[in-house]
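Close look at the chain arrangement
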Amino acid sequence: MRENIAAANYIQLKTQLSRSTIMKVLAQLKQGGYVKIDNGILKEISHLPLRY
């Protein structure tokens with residue numbers, strides 16, 4: 001399932017957060033090296049910070 005749906009769409013379905021908030025958080029996690037996203041698909045999750 002993870003390969004078939006974009007990470008932002010999946011998070012939005014599960015959390016009801018705004019798309020802009022989700023994109024901002026994903027961009028910051030990607031910049032920090034915590035997640036790897038390829039063409040909108042979540043490929044890898046590293047150790048996430050305890051507080052964000």
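For the structure itself, look to the data block above.
What you are looking at is a predicted structure, and each value in this text was computed from that prediction instead of being measured. (Residues numbered from 1 in each chain as written. Predicted model: local features only at pLDDT ≥ 70, side-chain atom pairs only at ≥ 80, totals over all residues. Heavy atoms only, no water.)

1. Some thoughts on the environment of I22
Heads up, the condition is: Numbered from the N terminus, helices here are DSSP runs of H or I no shorter than four residues, and strands are runs of E no shorter than two. Whether two residues are in contact is decided by their heavy atoms: any pair within 4.5 Å suffices.
Position of I22 among the secondary structure elements: in helix α2 (residues 19-31). With 15 residues separating them along the chain, I22 and A7 place their C-alpha atoms 9.2 Å apart. Beyond its immediate chain neighbours, meaning those up to four positions away, I22 contacts A8, I11, Q12, T15 and L17.

2. Side note on the nonpolar core
Going by this rule: Put simply, a nonpolar core is a bunch of buried Ala, Val, Leu, Ile, Met, Phe, Trp, Tyr and Cys residues held in one set by side-chain atoms that sit within 4.5 Å of each other. For every residue, the accessible area (1.4 Å probe, protein chains only) is compared with the maximum for its type, and the residue is labelled buried under 20%, exposed over 50%, or partly exposed between those bounds.
Counting 8 residues, the largest nonpolar core is built from A7, A8, I22, L26, L29, V35, I37 and L42. Breaking this core down by element, the ones donating at least two residues are α1 (7-15), α2 and β1 (35-38). The element contributing the most residues to this core is α2, with 3 residues. If sequence neighbours within four positions are ignored, L26 has contacts with A7, A8, I11, V35 and I37.

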